[in-house]
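# Architecture and fold: a report
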Amino acid sequence: MAGGIVGGVFVLFLVFAVVGMLSGPGGRSANGRDRLVVADRTPTSSTGQEETSASAAPEEPTPTPTPTPSPTVAEPRTYRGAGDKVLKVKETEDILLAMLTHRGGSNFIVNPIDPGGAEQASIVNEIGAYNGTVIVNEDNGKVLRGFKIKADGAWTLTLKPLTMAREWGGDRVSGRGDEVLLLSPAASGLTTVKANHSGSSNFIVNSYAEQSRENLVNEIGSYRGEVLLPDGTVLVTVHADGKWTFTKS
């Protein structure tokens, strides 16, 4: 079970830009806490500064801007191993995607760990083979420094920016197992989702808006039903062991 997805109550701040919508500038909320940048479509120059329309030439040369530091995980980074492992990664507070696979017949449990070695809730807790994508570091204030991996077979772990989540751009989307979906555009107004699941274990669906998270489905086994998709939803996480389908209307 992806423990980090169904963990304690928190407020997840999102700054997102979708077709015809920009929720606001910058990377911090009004109270000063970091917010997660899901996407930024504002054109930037090679120095990372925002481009602006041409205006009158300045009287004096402008100083050279300081280059903007690159994100901790600017592109996918894959780690491979077999059996139990404590995997160290570059320290980050960013919320990331983790795509994991396991080829084994026993427990496959993955816990993020902080710089002091303290474990966060498991992001994967399954038996046997596994292939799925989950969120890492989703709770405010968490710092990632590595992963404690328990496995009996070969595994891979790929860290990716949240902007690389699978896009849900039309009315219908389908998949199998754990997944993270980025809505484009964000849900607006009264929107419902018909959900189907053909598995035998947990089926948990959560939605994320700019400052809130809601549990849409929490069942075991096969499921067929219709739920409300909260206004402003930009991200949906799925925890499942079988095939699933979502249809918006």
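Everything numeric here is computed off the predicted structure, so don't read it as measured data. (Residues numbered from 1 in each chain as written. Predicted model: local features only at pLDDT ≥ 70, side-chain atom pairs only at ≥ 80, totals over all residues. Heavy atoms only, no water.)

Now for the overall build of the protein. The helix and strand tally for the protein stands at zero helices and 21 strands. Relative to its full complement of 249 residues, the protein shows a buried share of 45%. Counted over contacts in the protein with a minimum sequence separation of 6, partners at least 24 positions apart contribute 71%. Of the roughly 13,200 Å² that the protein leaves accessible, carbon and sulfur atoms contribute 49%. (Helix = DSSP H or I, 4+ residues; strand = E, 2+ residues; numbered from the N terminus. Buried < 20%, exposed > 50% of the residue type's maximum accessible area, 1.4 Å probe, protein only. Contact = heavy atoms within 4.5 Å. Areas by Shrake-Rupley, 256 points an atom, 1.4 Å probe, with all protein chains shown as cover.)

A few words now on the packing of aromatic side chains. Inspection of the entire model under this criterion finds five aromatic pairs. Their ring planes at 45 degrees and their centres at 6.0 Å tell us that Phe 108 and Tyr 130 sit as a pair that is tilted. Here the residue Phe 108 occupies a position in strand E8 (residues 107-113), and Tyr 130 occupies one in strand E10 (residues 130-136), the gap between them amounting to 22 residues. The residues Phe 108 and Tyr 130 share a single accessibility class, namely buried. Pairing Phe 203 with Tyr 223 gives two aromatic rings, centres 5.8 Å apart and planes at 45 degrees, and the pair type is tilted. Taken together, the residues Phe 203 in strand E17 (residues 202-208) and Tyr 223 in strand E19 (residues 223-229) connect sequence positions 20 residues apart. Here the two residues Phe 203 and Tyr 223 agree in accessibility, since each one is buried. Lying across the ring of Trp 168, Lys 248 places its NZ or CZ 5.0 Å from the centre. (Phe/Tyr/Trp six-rings, centres within 6.5 Å; stacked < 30°, edge-to-face > 60°. Lys NZ or Arg CZ within 6 Å of the ring centre and 35° of its normal.)

Most of E8 sits out of view: six of its seven residues are buried. Note that E8 and strand E9 (residues 124-127) share four bridges and pair antiparallel. Note on E9: the bridge partner recorded for Val 110 is Val 124. (Pairing = 2+ DSSP bridges.)

The next point concerns unusual backbone geometry. Going from Ser 184 to Pro 185, the amide bond is cis rather than trans, its omega being 5 degrees. Structurally, the position occupied by Pro 185 is in the loop between strand E15 (179-183) and strand E16 (191-197).

Our focus in this paragraph is the confidence of the model for the protein. Of the residues in the protein, 71% reach a pLDDT of 70 or more, and the chain-wide mean stands at 79. Low pLDDT (under 50) marks residues 1-58, which in the prediction has 119 contacts with non-local residues, meaning those over four places away or in another chain. In this model, residues 61-70 is a region of pLDDT below 50 whose contacts with residues beyond four sequence positions or in other chains number eight contacts. (pLDDT = per-residue confidence, 0-100.)

So, on to the side chain of Thr 245. Locating Thr 245 in the fold gives a position in strand E21 (residues 243-248). Residues in contact with Thr 245, not counting those within four places in the same chain, are Arg 172, Val 173, Ser 174, Lys 194, Ala 195 and Asn 196.

We now examine the sheet that holds strand E12 (residues 154-161). Taking strand neighbours across the sheet as the criterion, the four strands line up as E5-E12-E7-E10 in an open arrangement whose pairing is antiparallel. Bordering the open sheet on either side are strand E5 (77-82) and E10, each of which pairs with just one other strand. The mean angle between the axes of side-by-side strands here comes to 15 degrees, regardless of whether they run parallel or antiparallel. In this sheet, E12 lies alongside strand E7 (residues 96-103) in antiparallel orientation, the contact comprising eight bridges. (Axes fitted to C-alpha atoms, helices over the stretch in contact; angles between N-to-C directions.)

Turning to the sheet that holds E9, a few remarks are in order. Pairing is antiparallel across the open sheet formed by four strands, whose spatial order is E6-E11-E8-E9. Since the sheet does not close on itself, it has two edges, and those belong to strand E6 (85-92) and E9, each with one partner. Strand-to-strand, the axes of this sheet are offset by a mean angle of 15 degrees, without reference to chain direction. The pairing of E6 with strand E11 (residues 144-150) spans five bridges and is classified as antiparallel. Residue pairing in the sheet places Lys 85 in a bridge with Ile 149 of E11.

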